[in-house]
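Below, each chain spelled out in residue letters.
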Amino acid sequence: MSDLILFWHRRDLRISDNVGLVTATRQSSRVVGIFCLDSNILERDDIAPARFTYMIGCLEELEQNYQQLGSQLLIIQGEPQKAIAQLAEELQAKAVFWNLDVEPYSKKRDRSVADALKEKGIATKNFWDQLLHAPGDVLTKSSDSPYKVYTPFWRSWVQQDKQAVTEKIKQLKGLTKAEIETATKAGAIALPSAKDLGYKWDNPLLGAPGETAAKDKLEEFCARAIYCYDEERNFPYVDGTSQLSAALKFGAIGIRTVWQATLDTLDNCRSEEAKTNIETWQKELAWREFYQHCMFFFPELAQGSYRDEFKDFPWENDATKFQAWCEGKTGYPIVDAAMRQLNETGWMHNRCRMIVASFLTKDLIIDWRWGEKYFMQKLYDGDLSANNGGWQWSASSGMDPKPLRIFNPASQAAKFDQDGEYIRQWLPEISSMETEYLVTGKIPDLERASYDYPQPIVDHKVQQRKFKALYKQQKN
Ligand code: FAD
Ligand code: FO1
């Protein structure tokens, strides 16, 4: 009987603090990693080049880390159920292990891979790794059902015991030369570049890919910004958040490592104020888990609006206005600055994600799913659960109990970019305008013309009234 276990990586692109991988190493000293460039995913039209480039970068480091431990990461491509079953059969692997995910596609894919392996007599084992608490572990006390509202979810989630960081893997045994040849015949290839696969991203990535860079980012954040996170996270011109979202999306860092860092930071801090700041950041980690639990239990969220009144909402869906929003040419400086940040860096500050999402849905009266898709086409941290959660929250179409939430771009800018610093950074062509014009968006016509800055494509007040009327009509 072979002692070889294949460990299939998907969004856990790291060696350390990896539940499934460490369990595989406890059961056999011969563990080899695999990653399948999945043709079903690569055919999609919502993969951001920045995100794909980040993912390939993580795989490059993962490959090196396997080599340093004495093993290999095999890259294959195609339909996972065919490619993985063929590779496992040819290598006579005794089992394939992997960590589970909450997305509808993931569940379906994993079932078909498990079936294909079972047919060949190869065992499979699965684990929950990407969450501190697996779906089903945080349920309402009254009816043992999943939470649909964040605050009670948080209260229950934070009280539960959390797993410790997994032990370090020191050494592995990999494939022999002959087995590597067999793997190549069975489809293993050299890791292609993102560009080779058609994803061109020439701008720098906001955070370097891979587990070393993710650990450094976490360390840096916990040494500095976490202590004033509660206040500073709201100002898009301040570097006040962790920027760990892509690392968390692709599992370049383990969630237990992240949680432990918050506990260590809490241990080190003396003031109650600092503790509140750290807890606010922990609450963001819980939002991430909340949306993943929601996606797991209510996969219909991925299809469209959760609330009935938004299921056949009469969106205006004006393609020209949508284009102006995408390009950052709406004539509303805070909205345009944010969209330029997204287009140029693949990331957008959370405050601005809320502003532009409210603007698209409530001011332009465009279906939130258009925005959701555009975000996935651009975000380097694009993640189905968090993105869908954020969009449904902003559109008021989701589980959130608050009936309507409409952001006024000018008031948001006045509160969170009072000196127009963020706007100036991302809209250099109007950076010499008076701050008041930038923040209020009330720019005299002559001024707009001389800076060649577009007229507002809609009137916020008019659109707000229109949206409320449409909503009322749907509710009745
Ligand atoms: P930090 O403020 O440092 O937060 C730490 C981590 O907590 C983040 O890295 C992220 O993993 C998680 N987190 C924080 N806020 C949220 C939240 N509201 N929902 C879920 N998780 C959260 N986040 C994504 O990771 N991917 C997305 O595709 C995504 N799309 C969004 C779309 C909209 C319309 C909105 C309003 C929010 C979206 N978010 C998304 C949530 C949030 O904006 C980002 O997680 C955050 O800006 C990432 O920056 P950070 O890593 O510095 O976050
Ligand atoms: N996972 C894979 O196993 N193979 C891929 O080729 C792949 C590409 C990819 C591109 C963008 C992105 O955001 C994620 C990607 N992932 C890929 C990870 C993916 O999130 C997980 O496989 C999920 O489990 C899918 O439901």
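This structure is a prediction, so every number in the text was calculated from the model and none was measured.

Trainee: Any chance you could explain helix 18 (residues 409–416) here in plain terms?
Mentor: Residues lying three or four places apart along an α-helix face the same way, a consequence of the helix completing one turn every 3.6 residues. Looking at helix 18, one finds that the buried residues are P409, Q412, A413 and F416. Buried residues of helix 18, seen end-on, are gathered within an arc of 95 degrees and therefore sit on one face of the element. Elements in contact with the buried residues of helix 18: helix 14 (333–345), helix 15 (350–363), helix 20 (435–440) and helix 22 (460–475). Put simply, N408 is the residue that caps the front of helix 18, since its side-chain oxygen is 2.9 Å from the backbone nitrogen of A410.

Trainee: Explanation requested: the site of ligand 2 in the structure shown.
Mentor: In the neighbourhood of ligand 2, 18 residues make up the surrounding shell, with C36, R51, D101, R109 and K249 lying closest. In the model, an oxygen atom of ligand 2 is placed 3.2 Å from a nitrogen or oxygen of the S106 side chain. Within the side chain of R109, a nitrogen or oxygen atom sits 2.8 Å from an oxygen atom of ligand 2. Contact with the protein chains covers 97% of the free accessible surface of ligand 2, which is 520 Å². Put simply, the parts of the chain that give the shell around ligand 2 at least two residues each are strand 2 (31–38), helix 2 (39–42), helix 3 (49–69) and helix 5 (104–119). Examining the composition of the shell around ligand 2, we find that four residues originate from one element, strand 2, more than from any other. Classifying every residue of the shell around ligand 2 by side-chain character gives ten nonpolar, one polar and seven charged.

Trainee: Sorry, what's going on with the domain arrangement of the chain here?
Mentor: Often, the extent of an interface is quoted as the loss of accessible area on bringing the components together. Split by domain assignment, the chain resolves into domain 1 (1–129), domain 2 (130–164 + 212–297) and domain 3 (308–475). Its C-alpha centre places domain 2 at a distance of 27 Å from the equivalent point of domain 3. Residue-level contacts link 17 residues of domain 2 with 23 residues of domain 3. Summed over both partners, the interface of domain 2 with domain 3 comes to about 1900 Å²; 63% of that surface belongs to carbon and sulfur atoms. Three residues, P236, Y237 and Y291, lead the burial of domain 2 against domain 3; their summed loss comes to 32% of the area buried on that side. Remark: the boundary between domain 2 and domain 3 carries zero salt bridges.

Trainee: Looking at this structure, how should I read the site of ligand 1?
Mentor: Not every one of the 28 residues close to ligand 1 is listed here, only the nearest: Y229, T241, S242, Q243 and N350. Between S242 and ligand 1, the recorded distance is 2.6 Å, taken from a side-chain N or O atom to an oxygen atom. Here ligand 1 loses 95% of its free accessible area of 820 Å² to cover by the protein chains. Counting residues per element, the ones that place at least two in the shell around ligand 1 are helix 10 (245–249), helix 12 (272–297), helix 15 and helix 17 (384–395). Here the residues of the shell around ligand 1 sort into 15 nonpolar, eight polar and five charged.

Calculation notes
- Residues numbered from 1 in each chain as written.
- Chains lettered and ligands numbered in written order.
- Predicted model: local features only at pLDDT ≥ 70, side-chain atom pairs only at ≥ 80, totals over all residues.
- Heavy atoms only, no water.
- Buried < 20%, exposed > 50% of the residue type's maximum accessible area, 1.4 Å probe, protein only.
- Helix = DSSP H or I, 4+ residues; strand = E, 2+ residues; numbered from the N terminus.
- Arc of directions from axis to C-beta.
- Contact = heavy atoms within 4.5 Å.
- Polar contact = N/O pair within 3.5 Å; in protein donor to acceptor, adjacent residues only side chain to side chain.
- Near = heavy atom within 4 Å.
- Areas by Shrake-Rupley, 256 points an atom, 1.4 Å probe, with all protein chains shown as cover.
- Nonpolar A, V, L, I, M, F, W, Y, C, P; charged D, E, K, R; others polar.
- Domains from an automatic or database assignment.
- Buried area = accessible area lost by both parts, 1.4 Å probe.
- Salt bridge = Lys/Arg side-chain N within 4 Å of Asp/Glu carboxyl O.

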